[in-house]
Amino acid sequence: MNSPNGKESELRRRERELEERERAIRLRELEAEINRSDPPLYQTSRQTPEKSRKLSLKKLANVGKFFGLVVVTIISLKIASWLTGVVIVAGIAWFAYLIFFNSGNRNS
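The rules behind the values
Residues numbered from 1 in each chain as written. Predicted model: local features only at pLDDT ≥ 70, side-chain atom pairs only at ≥ 80, totals over all residues. Heavy atoms only, no water. Helix = DSSP H or I, 4+ residues; strand = E, 2+ residues; numbered from the N terminus. Buried < 20%, exposed > 50% of the residue type's maximum accessible area, 1.4 Å probe, protein only. Areas by Shrake-Rupley, 256 points an atom, 1.4 Å probe, with all protein chains shown as cover. Salt bridge = Lys/Arg side-chain N within 4 Å of Asp/Glu carboxyl O. Phe/Tyr/Trp six-rings, centres within 6.5 Å; stacked < 30°, edge-to-face > 60°.

Draft legend 1. Representation of the overall build of the protein chain within the structure. Helix and strand counts for the protein chain come out as two helices and zero strands. Residues classed as buried in the protein chain amount to 0% of the 108 residues present. Just so you have it, the protein chain exposes about 11100 Å², and 62% of that area is on carbon and sulfur atoms.

Written out as structure tokens, the structure is:
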């Protein structure tokens, strides 16, 4: 006399047992992973002086390029400001020439 409730309860009981076994297996795996005595080792290497010399030469070259760029920028700004001054003075002189010396409407 197997009733549907009896089969259902038997299935639930087996399911719980299976879940408990799975949990136990997973716990054992985690414990084994935690208790592993040797940590993973990685290969390390020392930096040789030749490599550091190359790096310092590259840095020095970059600093030199930056310094050269700053100097060229300052010189070009000085030249541009000087040329601007010359153009302004020439413009004022031309305007003064047109007003005072080249006037076609002179009455005298």
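The rest of the description comes next.
Draft legend 2. Representation of the pattern of salt bridges in the model. Here the structure, examined in full by the defined rule, presents seven salt bridges. Among the salt bridges present, the one from Glu10 reaches Arg13, with a minimum N-O distance of 2.3 Å. Of this pair, Glu10 and Arg13 both sit in helix α1 (residues 4-34), three residues apart, which is roughly one turn of the helix. One salt bridge in this structure joins Arg13 and Glu17, with 2.5 Å as the shortest N-O distance. Here Arg13 pairs with Glu17, and both are found in helix α1, just four residues apart, close to one helical turn.

Draft legend 3. Local environment of the packing of aromatic side chains. According to the stated counting rule, one finds two aromatic pairs in the structure shown. Each ring, one from Tyr97 and one from Phe101, has its centre 6.4 Å from the other, and the planes form 35 degrees; the classification is tilted. Of the two residues, Tyr97 and Phe101 are both situated in helix α2 (residues 49-101); the distance of four residues between them amounts to about one turn of the helix. Feature note: the residues Trp94, Tyr97 and Phe101 constitute an aromatic cluster, connected by ring pairs.

What is shown is where atoms sit, not what they do.
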